Amino acid sequence: METGLTHWGDIFVVIVYFCFVLGVGLWSLCRPNRGTTSGYFLAGRDMVWWPIGASLFASNIGSEHFIGLAGTGAASGIGMIAYEWMLMPLVILLSWIFLPVYISAGVYTLPEYLQRRFGGQRLRVYLSVLTLVLYIVTKIAVCIYAGALFIQLSLGWDMYLSIVLLLAITAVYTVLGGLAAVIYTDTLQTAIMMIGSSILCGIGFVKIGGLEGLQERYMTAVPSVRVNNTTCGYPRQDAFHIFRSLTNSDLPWIGTILQSSIGCVWYWCADQVIVQRALAARNLTHAKGGAILAGYLKILPLFFMIYPGMISRVLYADEVACVDAETCDRVCGNPGGCSNIAYPKLVLGLMPVGLRGLMMAVMMSAIMSSLTSIFNSSSTIFTMDLWRRFRSSASERELLLVGRVFIVFLCGVSIAWIPLVKSSAGGQLFVYIQAIQSYLGTAIGALFFTAIIWKRMNEKGAFFGILAGHTCGVIRMILDFVYPGPECGVADTRPAIVANMHYSYFGTLVIIVSVSVIVVVSLLTEPLPEERLEGLTWWTKVSGSRPKDTTLELTEKNLEEKDADTQTMKSSDVPASEDRPEKVGGGLCKRWVDLIMGRADEHAVNVNVQTQLAEDPKWQKVVNINAVIGMCVMMFMYGYFG
């Protein structure tokens, strides 16, 4: 496979891409009120629907999708698209059920919501630490591995040099601009991803004779070196179907539907990366519009990622579909399989000069959009949930500085994690992602959904419920690592719970265990007083028409009234002048500090909860109709490709 961008046209496209991204990111520094925690962590809560939707899409579609989803398509067909198309009902659940409660509660982070909902600190600290660990071990690690794989194959650059360069550019505008910079650059990168992927998909289909040619040739795309007297290396007979056998398939249809829906409630409704973008919306209607736009955009991965992966198998079966361990190790350095090289192999094999550089920019867009989202959300959680707990008297400027420094720290951890990811990544990256999320993420989704819907739930039920779910998930995850899947043609001698229970079924079991413990423990212990739940559940939330003067910037007095355990927690949006005088040197030094940290807008007005939740009847009807249309489109796609 040819490596390296040697033509000046390709190099020029990549340079122009970097200039555009940095330009948009630095332009966002001109936004007012970047010097407040609300302006930095929630973009001033003033984003309109279309950048919200683009950022939701770009935050989810990272390099692991281009590498992992295309690789899964090459290995087993279109089945994994079920996880992408189930987004529409999940973002509707987020915008219509979860988000009004989050706004009503006036929170920055989801661990903060748990602390306000139940009182105490252990749930907030537990979820904060767990979330940061999950981000580093799964999201950041997987994103960097997938991006490094593409860069190494396509450019021939040293992996560490490539990643350091990407992280450096990403960190510049994320550290300086906050969430606003992330959302605006995500919007640009979404456009780049769609343009480049559309061109590659079109060229690929022309090469193999359209969709009919793909359906015919994919089923005969078999590597020349195979294990004798086995079906190893042959495509699945159900490769062009989503709904597959319950007992002997890679994606049993009931488990897939359950895991892609209720199992992914955590990712789309209770994960900081996603929810933070929705909280940045100007009001609830804009959040709903952005969510629906993201739902429509998630139809595209079938055409932009899975089909190109399948086309790559047709054109390069001996490499992409290899099953012989020695051959695979020679091709991609992974004896378990080389399906992960499907997308970069297609780019380098089909794209002409100039367009190859464009596709390099597409992959960089995917890498950087995911990393910026994770960095910003991790910074928010660390600053607002952990740092404020240990530094209750921290000023607003200190919180902003800590958030920026933590992003730099994450960059260092990410680079250090690369060798571990290289040594542990399997043959199908996207399957690994879904499995880990089913073991660790499903319990979080069950916790938040029950907390919002059921008023009787208390802190003890919440804590022991999520602890029980995670105990089950960690045990299964350890078993998966101890007993890896056998190679093709080798008898499966793993324990029955690993060999016979698909990860999607186990994710459903984790939900059942978590909810059962939550219900039983809550009913056996003291309930929370009714007044303690004001604004914190679906039934007690503040409404847009409710005559109550509640602002999203909760004061110290509000927090004390909510729970005695939060007396030491300072409100994050109290201006520095009301907190403590800050001594910053004048002259050039002060101007540099203001450039990096931003300055608070003296005329900024606190956002009222009623204003945030209020919806114009006309536009409310428009988004409701679009939600129904989106659900119909999703059901049609399932029916057509099922």
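These numbers were taken from a predicted model, which means no experiment stands behind them.

Peer 1: What am I meant to see in the overall build of the protein here?
Peer 2: Each helix and strand counted, the protein has 30 helices and zero strands in total. In the protein, which comprises 642 residues, the share counted as buried stands at 59%. Once local pairs closer than 6 in sequence are excluded, the contacts in the protein between residues at least 24 apart make up 84%. Accessible area of the protein: about 24500 Å², with a carbon and sulfur share of 65%.

Peer 1: Explain the state of the cysteines here, please?
Peer 2: Throughout this description, disulfide means a covalent bond between two cysteine sulfur atoms. Considering all chains together, one arrives at one disulfide under this definition. Sulfur-sulfur distance for the disulfide between Cys-322 and Cys-328 comes to 2.2 Å. The sign of the S-S torsion, about 130 degrees, decides the handedness of the disulfide formed by Cys-322 and Cys-328: right-handed. Free of any disulfide, Cys-264 has its nearest neighbouring cysteine sulfur in Cys-269, separated by 9.9 Å. By relative accessible area, Cys-264 is classed as buried at 9%.

Peer 1: So what exactly am I meant to see when it comes to the nonpolar core here?
Peer 2: For soluble globular proteins, nonpolar side chains are generally found buried alongside one another. Of all hydrophobic cores here, the largest spans 160 residues; its most connected members are Trp-85, Tyr-102, Tyr-113, Leu-214, Trp-268, Tyr-343 and Phe-448. In this structure Trp-85 touches Ile-242, Lys-298, Ile-299, Leu-302, Met-634, Met-637, Tyr-638 and Phe-641, once residues within four positions along its chain are discounted.

Peer 1: Which parts of the structure should I look at to understand helix α13 (residues 272-279)?
Peer 2: Given 3.6 residues per turn, any residue in an α-helix points the same way as the ones three and four places further on. Of all the eight residues making up α13, eight are buried; the element is thus mostly covered by neighbouring parts of the structure. The complete set of buried residues in α13 reads Gln-272, Val-273, Ile-274, Val-275, Gln-276, Arg-277, Ala-278 and Leu-279.

Peer 1: Before we go on, may I ask you to explain helix α14 (residues 284-297) in this structure?
Peer 2: Relative to the 20 Å expected for 14 residues at 1.5 Å per residue, α14 spans 20 Å between its end C-alpha atoms, a close match to the ideal helical length. Of all 14 residues in α14, twelve are buried; the element is thus mostly enclosed. For α14, the set of buried residues is Leu-284, Thr-285, His-286, Ala-287, Lys-288, Gly-289, Gly-290, Ala-291, Ile-292, Ala-294, Gly-295 and Leu-297. Of the residues flanking the start of α14, the one acting as N-cap is Asn-283, its side-chain oxygen 3.1 Å from the backbone nitrogen of Thr-285.

Peer 1: Quick question: what am I supposed to make of the packing of helix α7 (residues 110-118) against helix α22 (residues 442-453) here?
Peer 2: Packed helices, taken two at a time, are described by their axes: the angle between them and the distance between them. Contact pair α7 / α22: the axes reach a minimum separation of 12 Å and the direction vectors enclose 40 degrees. One finds that α7 runs oblique with respect to α22. Remark: the crossing between α7 and α22 carries left-handed chirality. Within the contact between the two elements, α7 uses Leu-110, Tyr-113, Leu-114, Arg-117 and Phe-118 and α22 uses Leu-447, Phe-448, Ala-451 and Ile-452. Classifying every residue of the contact of α7 with α22 gives eight nonpolar, no polar and one charged.

Peer 1: Even after reading the chapter, I still don't get a nonpolar patch on the surface, so can you show me in this structure?
Peer 2: Together, Phe-243, Leu-246, Trp-253 and Ile-254 make up a nonpolar patch on the protein surface, roughly 330 Å² of accessible area in all. By the element assignment, Ile-254 lies in helix α11 (residues 253-261).

Peer 1: What exactly am I supposed to notice about the packing of aromatic side chains here?
Peer 2: To describe a pair of aromatic rings, you give the distance between the ring centres and the angle between the ring planes. Following the criterion strictly, the structure yields 22 aromatic pairs and no others. Summarising the aromatic geometry, the rings of Trp-85 and Tyr-638 are spaced 6.1 Å apart at their centres and angled 80 degrees between planes, so their arrangement reads as edge-to-face. Linking Trp-85 in helix α5 (residues 82-85) with Tyr-638 in helix α30 (residues 617-641), this pair joins segments that are 553 residues apart in sequence. For the pair shown, Trp-85 and Tyr-638 are each scored as buried. Judged by centre distance (5.5 Å) and plane angle (75 degrees), the ring pair of Tyr-102 and Tyr-113 falls under edge-to-face. One end of the pair, Tyr-102, is in helix α6 (residues 87-105); the other, Tyr-113, is in helix α7, and eleven residues separate them in sequence. On the basis of relative accessible area, Tyr-102 is assigned to the buried category, the value being 0%. Overall, the relative accessible area of 0% leaves Tyr-113 in the buried class. Members of the aromatic cluster, joined through ring pairs, are Trp-85, Phe-243, Trp-253, Phe-636, Tyr-638, Tyr-640 and Phe-641. In this structure, Arg-122 packs its charged tip against the face of Phe-463, placed 4.2 Å from the ring centre.

Peer 1: How should the packing of helix α3 (residues 49-60) against α14 be read in this particular structure?
Peer 2: Relative to each other, α3 and α14 sit at 45 degrees, their axes nearing to 7 Å. When the interaxial angle is binned, α3 and α14 end up oblique. Our pair here, α3 against α14, has a crossing hand that is right-handed. In contact with Trp-49, Trp-50, Ile-52, Gly-53, Ala-54, Leu-56 and Phe-57 of α3, α14 contributes His-286, Gly-289, Gly-290, Ala-291, Leu-293, Ala-294 and Leu-297. Broken down by class, the residue content of the contact of α3 with α14 amounts to ten nonpolar, four polar and no charged.

What counts, and at which threshold
Residues numbered from 1 in each chain as written. Predicted model: local features only at pLDDT ≥ 70, side-chain atom pairs only at ≥ 80, totals over all residues. Heavy atoms only, no water. Helix = DSSP H or I, 4+ residues; strand = E, 2+ residues; numbered from the N terminus. Buried < 20%, exposed > 50% of the residue type's maximum accessible area, 1.4 Å probe, protein only. Contact = heavy atoms within 4.5 Å. Areas by Shrake-Rupley, 256 points an atom, 1.4 Å probe, with all protein chains shown as cover. Disulfide = S-S within 2.5 Å. Core = buried A, V, L, I, M, F, W, Y, C linked by side-chain atoms within 4.5 Å. Expected span 1.5 Å × (residues − 1). Polar contact = N/O pair within 3.5 Å; in protein donor to acceptor, adjacent residues only side chain to side chain. Axes fitted to C-alpha atoms, helices over the stretch in contact; angles between N-to-C directions. Parallel < 35°, antiparallel > 145°, perpendicular 65-115°, else oblique. Left-handed = near helix turned anticlockwise from the far one by under 90°. Nonpolar A, V, L, I, M, F, W, Y, C, P; charged D, E, K, R; others polar. Patch = residues over 30% accessible without salt bridge, like charges linked within 9 Å, V, L, I, M, F, W, Y side chains within 5 Å. Salt bridge = Lys/Arg side-chain N within 4 Å of Asp/Glu carboxyl O. Phe/Tyr/Trp six-rings, centres within 6.5 Å; stacked < 30°, edge-to-face > 60°. Lys NZ or Arg CZ within 6 Å of the ring centre and 35° of its normal.

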